[in-house]
Amino acid sequence: MRNDRTAGYRGKSACIQQFFNQIEQCELPVHSLIVCHHGSTVAEFWREPYRRDCPQLLYSLSKSVTSIAVGIAWDMGLIRLDESVISFFPERLPERVSDKLSAMTIHHLLSMTAGHKGDIYPVVAKEQDWVKAFLAQEVDDEPGTQFQYSTHSTYMLSAILERVTGQNLVDFLMPRLFEPLGIDRPVWETCPMGVTAGGMGLSLTTSDVAAFGQMLLNKGMSKGKRIVSEQYIQLATSEQSDNRKGTNRIDWAQGYGYQFHRCRDGCFRADGAFGQLCFVSPKDGIVIAATASYPTMDMLQTLLNLIYDLLDEVDSSGDSREHPHEGVEQEGHPLSIEYSSQWPSVESWSWTVPLHREARHTVGGKHAQQVLELPELHQHVYVMQPNDSGLKQIRLDAQDETVQLHLLYGDERDIALPINAAQPMRTKAVLYKDLSMSLQEVVVYASWVNECTLQAKLFYIETPYVVTYIMKFYPQSIDLEFAINVSFHLSNFIAIGYKESL
C-alpha cells in the first residue's frame, strides 16, 4: 500500500516537472508560478531576477478583487445587485438621462453588460472626473443584453463602494480580505480624483494571488474565517453573460461571471494584461497563480492548455504511477531537478530559474569576457536631436567598472542607471505602471556587444516591463535605440545625439 502511494506521489511530481519543462519549451515568458493542491503549495518557481517578496502589477486581475469587495458589501447589506447605478451619483448625471442609463444596475457592471457599444476606455480615461464621464456615455444596448468588456464598469463598482462605505477600497478591504489572507497593505492606483481604479492598478505578490485563489476555491473561506458568502462566490463564478461572440480562444468563450472568466470543465480564472493569472479548478482542488510578460494573450491560452494537460495527467493514475520519470528528465534543461522519495507534505519544490532564453541571448553578449578597446565615457554629455520620446540629453559618468547613465527628459521621467558589464546592478527608476509614472525596482544587465556598442537590459521587476537600450558610440555622437517588450504607454524609438564639451 505504501509503495503504491509513493509511486503515485512520484508520478504527480513528474507531471508537475513536465508542466514546468513545457513552459520552457513553449518559450512562455512566465516570471513566477505557484501550484497549490488542496491548500498546500506543491511547486513554485521565480525566474531571475524576479523575487517572491516583490509585488507584481496585476492589471485586470484587479477586477476580480473588486468583485469580491462588492460581494462583501452585498453580504453586509450595503448594496443590492439590482440597484441602479445612477442612484449613487445624482449630482454627476448628464442633463438627459436615457431609459437605458436608468436601467443600468450593479449586476450589469459586474457582468460587463452595461450596454455600451465598443470600448469607452479612451474617452473616459482622458477626463478628470471618470464617474461623470462614464455616465455621460451613450448607452447603446439595453443593459443585460450584450457583453462588452469594460474596465470603467469595474471602476464604477469601486466608486459605488467608496460612496456607500465612506472608505477607499483598500481601507475597506484591509480587515475584510487582505489581512485575513495574510496580505500586506497593497498599492492600488487611483483615478485623477483619488478613487481606487478598481478595474486595474493593484499590485500583489504571486503568493498573495495564490492565497486569493485558495479563498475562492474554499467558497469564500480562509483559515476558518468567512470572507465572502458562498452564495456570492457561486454567483461570481457562474455564467452571468455570454462572451462567446468574436473570440477564437476556447477559454475566452465559456461564459463570463461577475468579473471572473469561466473556463473549461468547471474551472474559472482571474486574469490581467500580459498574462497575470489566478486559475482555480474546483474539481481538482487546484489553484495556480502566475505572473508573466506575454506580448499576446494567445500565450495565456497556451499556458491554460498546458494547465489542462497537467490536470489530465494528475487525474490519470495509471501511466503516472508506472512511468514516473518517462519524458521528463532532459539533459541540461534549466528545470531538471532531483526527485524526493515522497510527495512533500510541508515544504514544496521551489526553483529559481534563469532568465528567459530570449533575454539570455541578449544579456552578457559574446564579447563580455573578451578584452576590448572600449571608449572613454567619463563625463560625456550628448545633446539629443528632436525625437519621438522627448529625450533631451544623455550624460555618462564613469567610476571604476560602473558607468552612471543619465537619461534626461526635463520632467518626471529623468532616470539615472548604474551600468556594469561584469554584474547585474539593482536600483530604482521611474516608469509607467498601469495609470501613472511610479518609482520602481529595476535590475540592470549590461554587455558590450563590440568595441563601440553597449547594451543595457532593464528588468522592472514590479511589472512585466523589460526595456532594452542599445547605445552606439562614435567619436562625436551617439545613436540610442529604445525597445520595450510590452506596454500600453510607450513605443520603441531611435534617438541621435552629439557630444557637448563640459
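For the structure itself, look to the data block above.
Residues numbered from 1 in each chain as written. Predicted model: local features only at pLDDT ≥ 70, side-chain atom pairs only at ≥ 80, totals over all residues. Heavy atoms only, no water.

## Some thoughts on the overall build of the protein
Part 1: Along the protein, the regular secondary structure elements total 13 helices and 21 strands.
Part 2: Buried residues in the protein amount to 55% of all 502 residues.
Part 3: Once local pairs closer than 6 in sequence are excluded, the contacts in the protein between residues at least 24 apart make up 58%.
Part 4: Entry remark: accessible area of the protein is about 21,900 Å², with carbon and sulfur atoms responsible for 46%. (Helix = DSSP H or I, 4+ residues; strand = E, 2+ residues; numbered from the N terminus. Buried < 20%, exposed > 50% of the residue type's maximum accessible area, 1.4 Å probe, protein only. Contact = heavy atoms within 4.5 Å. Areas by Shrake-Rupley, 256 points an atom, 1.4 Å probe, with all protein chains shown as cover.)

## A short note on the nonpolar core
Part 1: Ranked by internal contacts, the top residues of the largest apolar core, which has 72 residues, are Ile68, Leu173, Leu177 and Phe212.
Part 2: If sequence neighbours within four positions are ignored, Phe212 has contacts with Ser64, Val65, Ile68, Leu177, Leu181, Phe260 and Cys278. (Core = buried A, V, L, I, M, F, W, Y, C linked by side-chain atoms within 4.5 Å.)

## Considerations on the sheet that holds strand β16 (residues 425–432)
The strands making up a sheet associate through hydrogen bonds between their backbones, and the pairing can be parallel or antiparallel.
Part 1: The ten strands lie next to each other as β15-β14-β13-β12-β21-β20-β19-β18-β17-β16, forming an open sheet whose pairing is antiparallel. Only two strands of the sheet have a single neighbouring strand rather than two, namely β15 (415–419) and β16. When the angles between neighbouring strand axes are averaged without regard to direction, this sheet yields 30°.
Part 2: Pairing geometry for strand β20 (residues 477–484) and strand β21 (residues 493–500), over six bridges, is antiparallel. The partner of Ser477 across the bridge, within β21, is Tyr498. (Pairing = 2+ DSSP bridges. Axes fitted to C-alpha atoms, helices over the stretch in contact; angles between N-to-C directions.)

## Observations regarding the pattern of salt bridges
Part 1: Throughout the structure, instances matching the rule amount to 21 salt bridges.
Part 2: Salt-bridge contacts for Glu44 lead to Arg52; the nearest nitrogen and oxygen are separated by 3.0 Å.
Part 3: In this structure, a network of salt bridges that share partners links the residues Arg51, Asp53, Arg426 and Glu441. (Salt bridge = Lys/Arg side-chain N within 4 Å of Asp/Glu carboxyl O.)

## A short note on the packing of helix α2 (residues 62–75) against helix α10 (residues 230–237)
Part 1: At a minimum axis distance of 10 Å, the contact between α2 and α10 shows a crossing angle of 140°. In terms of orientation, α2 lies oblique with respect to α10. Read as a crossing pair, α2 and α10 show a hand that is right-handed. Where α2 approaches α10, its residues Ser67, Ile68, Val70, Gly71 and Trp74 are matched on the opposing element by Gln231, Tyr232, Ile233, Leu235 and Ala236.
Part 2: Looking at the contact of α2 with α10, its residues break down into seven nonpolar, three polar and no charged. (Parallel < 35°, antiparallel > 145°, perpendicular 65-115°, else oblique. Left-handed = near helix turned anticlockwise from the far one by under 90°. Nonpolar A, V, L, I, M, F, W, Y, C, P; charged D, E, K, R; others polar.)

## As for empty space enclosed by the protein
Part 1: Across all of its chains, the model carries five cavities of 30 Å³ or more by this definition.
Part 2: A volume near 50 Å³ is recorded for the second largest cavity.
Part 3: Along the walls of the second largest cavity sit Met112, Thr113, Ala114, His116, Gly118, Ile120, Gln148, Tyr149, Ser150 and Ser153, which together make up its complete lining.
Part 4: The class makeup of the residues in the lining of the second largest cavity is four nonpolar, six polar and no charged. (1 Å grid on protein atoms, 1.4 Å probe; cavity = no way out; pocket = protein on both sides within 12 Å on 5 of 7 lines; lining within 4 Å. Points joined across faces, edges and corners; volume = space filled by probe spheres on them.)

## Description of the pairing of strand β8 (residues 268–272)
Part 1: Extensive coverage of β8 is indicated by the burial of five of its five residues.
Part 2: Burial of the side chains of β8 extends over both faces: Phe268, Ala270 and Gly272 are buried on one face and Arg269 and Asp271 on the other.
Part 3: Relative to β8, strand β7 (residues 261–262) runs antiparallel, the two being bridged by two bridges. Paired with Arg262 across the two strands is Phe268, which belongs to β8.
Part 4: With five bridges joining them, β8 and strand β9 (residues 276–281) adopt antiparallel strand pairing.

## Let's talk about the side chain of Asp271
Part 1: Summarising the element assignment, Asp271 is placed in strand β8.
Part 2: A polar contact of 2.8 Å, which involves the side chain of Asp271, links it to the side chain of Arg269.
Part 3: If we ignore the near neighbours within four places in the chain, the residues touching Asp271 are Ser60, Leu61, Trp252, His261, Gln276, Leu277, Met297 and Leu300. (Polar contact = N/O pair within 3.5 Å; in protein donor to acceptor, adjacent residues only side chain to side chain.)

Read these as layout, nothing more, since geometry by itself doesn't imply function.
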